[in-house]
Amino acid sequence: MAEIVLGVGASHSTLMNTHWEETTHKAEAERFREALVTARERIAAARPDVVILLGSNHFRGFWLDLVPPFTLGVGECIASGESGTPKGPQRVDAHLAGHLAAQVVESGRFDLAFSARLQIDHGQSHAIQYLLADLDVPIVPLVVNVFAPPLPTFGRCQALAHALRAALDSYPENKRVVVIASGGLSHRLPWPDWRDPHGEDDDFMVQAWLDGRENWSDYDVRRREIIRAAEAAISPEFDDRILDLFETGKAAELAEFSTDEVDTEAGNGAQELRTWLMMAAMVDYVPAERLAYEPMPEWLTGMGVVVLDPTTRPLAP
């Protein structure tokens, strides 16, 4: 059986890499980065044999020619390397990944998309850079569509997490598994609903998402300019409410959230909280430890880190 020994949720932002010197909230930035170091130390102490890495894709591995709601990497995994994040092949536990894909499909609960040559971006490689550095542990990457509506519901994400947990329980070998959720918290990217663009920037973005499979880097300069020109839209009140759900073992309540509700309260970037919900569901919603929360306007994002340790599960009365 594959045993989950730790869960981690962590925000990501490539602006940590590209605009550190321009960051004015240095104390807050340092506290967040220190929390990532602490989380990495907790992962190392858990001695994982494999990491299940749940994350989003920012139209660098998936384009509008094909956007599955969930895609499991079962073979090669290539990181795009944008903005100083890791680039090139990443080590995948293909045997475990294949088992998960087969068991989830055969259960009849999901027809899960898979890729034997998956391209990931900072939606997952940021976690590899900061949480798995020097740990030499293979991953099983799962990409959740959170940016190309219609999106899978939070409830559907929870159901897939339960199916993945059941598949882990049926794995014939003993493995220690850490589950990492990368993304969130509140932030709004200057990205249109691809179905209804308005203006030149929106039209440019949608065209990049349609045509970028072979030449995404050709669009990247203007794309970055559009992102850097955006004003921060962070909701500390929303973020605190979400983190409180995790700390009190009530993260399952996220399954009742709607796409429109999250977008209105916390921005389109907060749709990445689907991965946090999935991670918590796979760890049976044990109460989390909040390592950090910092609203970082220079990074456009409410940056948080939590750790869920199954060994701290309260004893039944």
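Look a little higher up for the structure.
Below or above, wherever it landed, is the structure these notes cover. Computed from a predicted structure; not experimentally measured.

## Regarding helix H8 (residues 236-247)
In a regular helix each residue adds 1.5 Å, so twelve residues correspond to 16 Å; H8 covers 16 Å between its end C-alpha atoms and thus fits that length. By the burial criterion, the buried members of H8 are Phe238, Asp239, Ile242, Leu243, Leu245 and Phe246. The buried residues of H8 all sit within an arc of 150 degrees when viewed along its axis, so they share a single face. In this fold, the buried residues of H8 make contact with helix H9 (259-266), helix H10 (273-282), strand E8 (288-296) and strand E9 (301-308).

## Description of the packing of helix H5 (residues 154-169) against H10
Look at H5 against H10: their axes get within 8 Å of each other, and the N-to-C directions meet at 35 degrees. Between H5 and H10 lies a crossing whose hand is right-handed. For the pair formed by H5 and H10, the contact residues are Phe154, Cys157, Gln158, Leu160, Ala161, His162, Leu164, Arg165 and Leu168 on the first element and Leu273, Arg274, Leu277, Met278, Ala281 and Met282 on the second. Residues of the contact of H5 with H10, tallied by class, amount to eleven nonpolar, two polar and two charged.

## What about the nonpolar core?
Ranked by internal contacts, the top residues of the largest apolar core, which has 112 residues, are Ile180, Phe246 and Met278. Those residues in contact with methionine 278 that lie beyond four places of it in its chain are Leu54, Phe70, Leu142, Val144, Cys157, Leu160, Ala161 and Leu164.

## Describing the side chain of serine 235
Here serine 235 is to be found in the loop between helix H7 (220-228) and H8. Those residues within four positions of serine 235 in sequence are excluded, and the remaining contacts are Ser186, Glu265 and Tyr293.

## Some thoughts on the pattern of salt bridges
Counted under the stated rule, the structure contains 18 salt bridges. With a closest N to O distance of 3.4 Å, arginine 33 and glutamate 30 form a salt bridge. In this pair, arginine 33 and glutamate 30 both sit in helix H2 (residues 26-45), three residues apart, roughly one turn of the helix. Between arginine 188 and aspartate 263 there is a salt bridge, and its shortest N-O distance comes to 3.4 Å. Residue arginine 188 is found in the loop between strand E7 (175-182) and helix H6 (200-211), and its partner aspartate 263 is found in helix H9; the two are separated by 75 residues along the sequence.

## Structural notes on the packing of aromatic side chains
For any pair of aromatic rings, geometry is given as the distance between the ring centres together with the angle between the planes. Counted under the stated rule, the structure contains ten aromatic pairs. Both rings, one in tryptophan 191 and one in tryptophan 209, keep their centres 5.5 Å apart while their planes meet at 65 degrees; by these two values the pair is edge-to-face. In this pair, tryptophan 191 sits in the loop between E7 and H6 while tryptophan 209 sits in helix H6, placing the two residues 18 residues apart along the sequence. Just as tryptophan 191 is buried, tryptophan 209 falls in that class too. Geometrically, the ring pair formed by phenylalanine 246 and tryptophan 276 is edge-to-face, given 5.5 Å between the ring centres and 85 degrees between the ring planes. Residue phenylalanine 246 is found in helix H8, and its partner tryptophan 276 is found in helix H10; the two are separated by 30 residues along the sequence. Taking the relative accessible area as the measure of exposure, phenylalanine 246 reaches 1% and is therefore buried. Taken together, Phe59, Phe147, Trp191 and Trp209 form an aromatic cluster joined through their ring pairs.

## Details of the side chain of glutamine 158
Note that glutamine 158 resides in helix H5. At 2.8 Å, the side chain of glutamine 158 forms a polar contact with the side chain of tyrosine 285. Those residues in contact with glutamine 158 that lie beyond four places of it in its chain are Ala252, Ala255, Leu277, Ala281 and Tyr285.

## Here's the deal with the packing of H6 against H7
The contact between H6 and H7 brings their axes to 11 Å, and the two run at 135 degrees. One finds that H6 runs oblique with respect to H7. The way H6 lies across H7 gives a crossing that is left-handed. Contacts between H6 and H7 involve Glu200, Asp201, Phe204, Met205 and Trp209 from the former and Arg222, Arg223 and Ile226 from the latter. Within the contact of H6 with H7, the residues separate by chemical class into four nonpolar, no polar and four charged.

About the cut-offs
Residues numbered from 1 in each chain as written. Predicted model: local features only at pLDDT ≥ 70, side-chain atom pairs only at ≥ 80, totals over all residues. Heavy atoms only, no water. Helix = DSSP H or I, 4+ residues; strand = E, 2+ residues; numbered from the N terminus. Expected span 1.5 Å × (residues − 1). Buried < 20%, exposed > 50% of the residue type's maximum accessible area, 1.4 Å probe, protein only. Arc of directions from axis to C-beta. Contact = heavy atoms within 4.5 Å. Axes fitted to C-alpha atoms, helices over the stretch in contact; angles between N-to-C directions. Left-handed = near helix turned anticlockwise from the far one by under 90°. Nonpolar A, V, L, I, M, F, W, Y, C, P; charged D, E, K, R; others polar. Core = buried A, V, L, I, M, F, W, Y, C linked by side-chain atoms within 4.5 Å. Salt bridge = Lys/Arg side-chain N within 4 Å of Asp/Glu carboxyl O. Phe/Tyr/Trp six-rings, centres within 6.5 Å; stacked < 30°, edge-to-face > 60°. Polar contact = N/O pair within 3.5 Å; in protein donor to acceptor, adjacent residues only side chain to side chain. Parallel < 35°, antiparallel > 145°, perpendicular 65-115°, else oblique.

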